[in-house]
Amino acid sequence: MIKGSTAIFVLAAVIALLSLDAASAFSVVSPAVTSSVPSTAAAFSTATNSLLSGRNNHYDAAITASRAGRTSFLLLSSSSTDDQDTDDDEEEEEDAYADLKKDYPDLEFVNYNDPEYRMDRGMGDDDLDEKALLADKNDDETLAEIERMREERRRKNDEYQFETYHADVLRGGEVCLGEWSVYQTDTFMGEDVIKGRNEAAMGVPRLLRWDKVLKVVSRGSKIVVDNTMDKDDEDWMRVDGERIVHEERLATLDDFPSLMTRSDDEEVEELLWEEEEVLHVEKAYWPREMNSMDFRGAGGSMCVGKAYTICDTVPLAKKEGYENNVLERHEGPFSEMRSELGLQSDSMRFRVKLDYALLDEDEESAVATAPPPLHLRTLTICRETLDGYWPNPADNEGTDDDDAEATESSVRRKNQKAITETLFGPPGAPGGLYDPPPVGNEERATENYMLLNFEGGATVLLPHRLDQNTDNDSLGWVTSLDWTPGKVRYQVDRKVLGGTKMKGLKTLELSEVQGEDADTWRPRDGGANMRQ
C-alpha cells in the first residue's frame, strides 16, 4: 500500500544504469498511447508530461534495475498532502492505480518509501545497497547486466569522441599550416642560469623565446588495422579496427605557393632547420596510434564544442610492451608528460603545447613510491589556418602573372586582415581570463602556476610544476586557454586529477560568450568548478 496523494511515476529499464547522465538518453513511453511495454533493452528519455490524466500529480523520470528480466514501473510517493490517514484513504489510493495494474499486469510497482529500497543512479558500486541486493537470488546476474550496459554506453561515447576528433579537429585528414612560437624554460638550463631569476620569484621559471618561428605542416588521418569482425564478438564496433595517426613536420619550399610561382631565373634558398627544431616538432603529444579507448577520462583526450585536448605520457617505470597496453599507458607516475589544448573557429586554430619532464638529477634517483615533480620544459604556441594558406600574408604573396614588371604582390586570401588581427593582434585576453578556475590556496597558486598573455588576444593559465607525490584525490591541476576568434569569446579549462593519476581528465569545460558582452556576464564567484 502506498500512502499520500502526491506520486511520481517512473519508467525503468536496465539500460539506464550506464552513467551519470544516463537519463539524457531516454525517451518517454506513455501508457495512454503505447499498447505494449518495450523490453529492458529499449532506451527511454525523460519527460514531464502527465501520464495519469485527471489526477493532480507530478511525474518525473528515474532509473532502476529490473529484477528477473521484468521491466518495472516504479511508483514513488512523497509526503501526503492530507493529514488524515484512514482506511478509506488507503482504499481510494489503491483504487487510483487499479486501472494501471489491470492494463499492465507485467509491470512491477515498487514503494520508494520502503526503507529497504535503494535505487542505482549509475554512480558505481558504492551507490548500490549490497545488503538489499544479497537478498535477491539474481543479484550477481543483475550486477553483471548493469556493468555490461554501462560499458556499452561508455563504448558508444568512445566512438563518438573518436569520430568527432577526426571529423572536426582533424577535419577528416586535411592539411593545416601554422606558425609555432617556442618558449623554453630556464629550469633545465643549469643552476647558473636559474640564479639569474628574480629573487622574489625564484620558484617561477623564466620563459626564453626561440628566435626563429617554425613553419609547420600538420595533419591527422585514419588508418585501418583490422576490418574483420569476429562473428562471436557481439561487442565489436567498427572503430575497434581503426586508429588515428598524426603527422607534424617542418615546412619545405614545396609548401609555399609564393616561392613556387617565382621566375626560374631567381634562386631561392632552401629552408634549413636546426636539429633541435626538427626534434621539437617530432615530439608526439598523442599516442602513436590513437584508438577510441584513448578518449576515456584516463587517457586525457577529449572534444567538446570548439575545443579539444590530447595527451601522452612516458611512465617512470617502463613495463615491457606498455605502449600497446591502453591501461598501462595511463598509469603514473610519469617521467614525461605532453599535453595539448586547442580552440578552433572558422578557418583558424590556436593551440598550446606543454612539455613536462623530470629534472635530470631527479630522474636518476626517482622511485615510483616517492615520485619527483614534473617541470615545464617547453611551451609552444601554434597559430594556424585551415584554408590551405599560411597565417602570415608574407608567405602567401606571389608575383602577378599578368604583369611581370609589377613590384606589388597579390595577396591570395580575402579575409587576411581579420586573420592577422585574430592570430597576431595585441597580447592577452581583455581583462584576463574570463572565468578564472580554482587552483587552490595562494601558496599553491604562486609555487605551481603561471598566467601568461600571448599575441592574438590569448591568455593561458598553466601549472609549471606538477607534483606527483600528492594524494590522488587532491585538488588536481587545471590548464586554461582564453581566446576570441571573432565575435565569440571562448575559454576552455582542462581539469585533471592529482597525484599519479594526473593524466586522467576530470572535465574539459568550455565557456562561450559574446566578446562585447564578456564583462557584463563575467562570473564573480571567485573561481568555481562547473556544476555537473
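Please read these numbers as outputs of a predicted model, since none were measured by experiment. (Residues numbered from 1 in each chain as written. Predicted model: local features only at pLDDT ≥ 70, side-chain atom pairs only at ≥ 80, totals over all residues. Heavy atoms only, no water.)

Asks: Would you take a moment to explain the overall build of the protein chain for this structure?
Replies: Tallying secondary structure elements over the protein chain gives twelve helices and 19 strands in all. Here the protein chain, with 532 residues, has 45% of them falling under the buried criterion. If you sum the accessible surface of the protein chain, you get close to 28,300 Å²; carbon and sulfur atoms cover 47% of it. (Helix = DSSP H or I, 4+ residues; strand = E, 2+ residues; numbered from the N terminus. Buried < 20%, exposed > 50% of the residue type's maximum accessible area, 1.4 Å probe, protein only. Areas by Shrake-Rupley, 256 points an atom, 1.4 Å probe, with all protein chains shown as cover.)

Asks: Any chance you could explain the sheet that holds strand β18 (residues 488-496) here in plain terms?
Replies: Pairing between the strands of a sheet is mediated by backbone hydrogen bonds and can be parallel or antiparallel. What the five strands build is an open sheet, ordered β14-β15-β17-β18-β19; its pairing is antiparallel. Here the strands that pair on one side only, and so sit at the sheet edges, are β14 (449-454) and β19 (505-514). Between one strand axis and the next, the sheet turns by 10° as a mean value, whatever way the strands run. In this structure, strand β15 (residues 458-463) lies alongside strand β17 (residues 477-483), joined through three bridges in antiparallel fashion. Bridge assignment links Thr 459 to a residue of β17, and that residue is Asp 482. (Pairing = 2+ DSSP bridges. Axes fitted to C-alpha atoms, helices over the stretch in contact; angles between N-to-C directions.)

Asks: Got a minute to help me understand a negative patch on the surface in this structure?
Replies: A contiguous patch of negative charge on the surface is contributed by Glu 191, Asp 192, Asp 360, Glu 361, Glu 363 and Glu 364. Only α5 (191-194) and α9 (360-365) provide two or more residues apiece to the negative patch. In terms of residue count, the dominant contributor to the negative patch is α9 (four residues). Along the chain, Glu 364 turns up in helix α9. Using a relative accessible area of 73% as the deciding quantity, one classes Glu 364 as exposed. (Patch = residues over 30% accessible without salt bridge, like charges linked within 9 Å, V, L, I, M, F, W, Y side chains within 5 Å. Salt bridge = Lys/Arg side-chain N within 4 Å of Asp/Glu carboxyl O. Lys, Arg positive; Asp, Glu negative; His and termini not counted. Charge placed at Lys NZ, Arg CZ, Asp CG, Glu CD.)

Asks: Looking at this model, I keep getting lost on the pairing of β18. Mind explaining?
Replies: Within a regular beta strand, the side chains point alternately toward one face of the sheet and then the other, so they alternate between its two faces. Along β18, eight of the nine residues are buried, which leaves the element largely enclosed by surrounding structure. In the sheet, β17 pairs with β18 via seven bridges, with the strands oriented antiparallel. Bridge pairing links Ser 480 to Asp 493 in β18. Counted between consecutive antiparallel strands, the loop separating β17 from β18 contains four residues, among which Gly 486 sits at a positive phi close to 125°. As paired elements, β18 and β19 share nine bridges and run antiparallel to each other. Following the sheet pairing, Arg 494 is matched in β19 by Leu 508.

Asks: Looking at this structure, how should I read the pattern of salt bridges?
Replies: Pairing between side chains becomes possible if they bear opposite charge and their charged atoms approach one another. Inspection of every chain in the model, using the stated rule, returns 35 salt bridges. A salt bridge links Glu 151 to Arg 296, with the shortest nitrogen-to-oxygen separation between them at 2.7 Å. On the criterion of sequence distance, the pair formed by Glu 151 in helix α4 (residues 139-169) and Arg 296 in the loop between α7 (275-282) and β7 (302-304) is long-range, its members being 145 residues apart. Using a relative accessible area of 25% as the deciding quantity, one classes Glu 151 as partly exposed.

Asks: Please clarify how the pairing of strand β9 (residues 334-345) should be interpreted in this entry.
Replies: Burial runs high along β9: eleven of the twelve residues are buried. Pairing geometry for strand β8 (residues 307-315) and β9, over nine bridges, is antiparallel. In the strand pairing of β9, Ile 310 is matched with Glu 340. With ten bridges connecting them, β9 and strand β10 (residues 348-357) associate as antiparallel partners. In the strand pairing of β10, Met 337 is matched with Tyr 356. Counting the residues in the hairpin turn of β9 and β10 gives two residues, including Asp 346, whose phi is positive at 55°.

Asks: Would you mind showing me how to read the side chain of Thr 479 here?
Replies: With respect to the element layout, Thr 479 can be found in strand β17. Among residues more than four places away in sequence, those in contact with Thr 479 are Leu 341, Leu 354, Leu 461, Leu 462, Pro 463, Val 492, Asp 493 and Arg 494. (Contact = heavy atoms within 4.5 Å.)

Asks: Quick question: what am I supposed to make of the confidence of the model for the protein chain here?
Replies: Detailed reading of predicted coordinates is not advised where the pLDDT is low. Per-residue confidence for the protein chain gives a mean pLDDT of 76; residues scoring 70 or more make up 67%. Below a pLDDT of 50 lies the segment residues 1-84, which in the model reaches 197 contacts outside its immediate sequence neighbourhood of four places, other chains included. Low pLDDT (under 50) marks residues 399-410, which in the prediction has five contacts with non-local residues, meaning those over four places away or in another chain. (pLDDT = per-residue confidence, 0-100.)

Asks: Where do I start with α7 in this structure?
Replies: Count 3.6 residues to each turn of an α-helix, and residues three or four apart come out pointing the same way. By the burial criterion, the buried members of α7 are Glu 277, His 280 and Val 281. Seen along its axis, α7 keeps its buried residues to an arc of 95°; they face one direction. Exposed residues on α7 whose side chains face more than 90 degrees from its buried face are Glu 275 and Glu 282. Buried residues along α7 sit in contact with β3 (176-185), β5 (214-224), β6 (242-250) and β11 (374-385). (Arc of directions from axis to C-beta.)

Asks: Please explain the environment of Cys 303 as it appears in this structure.
Replies: Within the secondary structure layout, Cys 303 lies in strand β7. It is 9.7 Å that separates the C-alpha atoms of Cys 303 and Gly 342, two residues lying 39 residues apart in sequence. Setting aside residues no more than four positions away along its own chain, Cys 303 makes contact with Gln 161, Thr 164, Tyr 165, Val 169, Tyr 308 and Leu 508.

Asks: Can you help me understand the packing of aromatic side chains in this one?
Replies: The geometry of an aromatic ring pair is captured by the separation of the ring centres together with the interplanar angle, meaning the angle of the planes. Taken as a whole, this structure holds seven aromatic pairs when the rule is applied. Taken together, a centroid distance of 5.6 Å and an interplanar angle of 55° make the contact between Tyr 165 and Phe 295 tilted. Of this pair, Tyr 165 sits in helix α4 while Phe 295 sits in the loop between α7 and β7, and the two are 130 residues apart along the sequence. Side by side, Tyr 165 and Phe 295 carry an identical accessibility label, which is buried. Ring centres of Phe 256 and Trp 390 lie 4.7 Å apart, and the angle between their planes is 5°; on these two criteria the pair is classed as stacked. One end of the pair, Phe 256, is in the loop between β6 and α6 (257-260); the other, Trp 390, is in the loop between β11 and β12 (397-399), and 134 residues separate them in sequence. (Phe/Tyr/Trp six-rings, centres within 6.5 Å; stacked < 30°, edge-to-face > 60°.)

Asks: How do you make sense of α4 when you look at a structure like this?
Replies: The end-to-end C-alpha distance of α4, which contains 31 residues, comes to 44 Å, matching closely the 45 Å that a straight helix rising 1.5 Å per residue would cover. Two residues or fewer past α4, Arg 171 is found with a positive phi of approximately 50°. (Expected span 1.5 Å × (residues − 1).)

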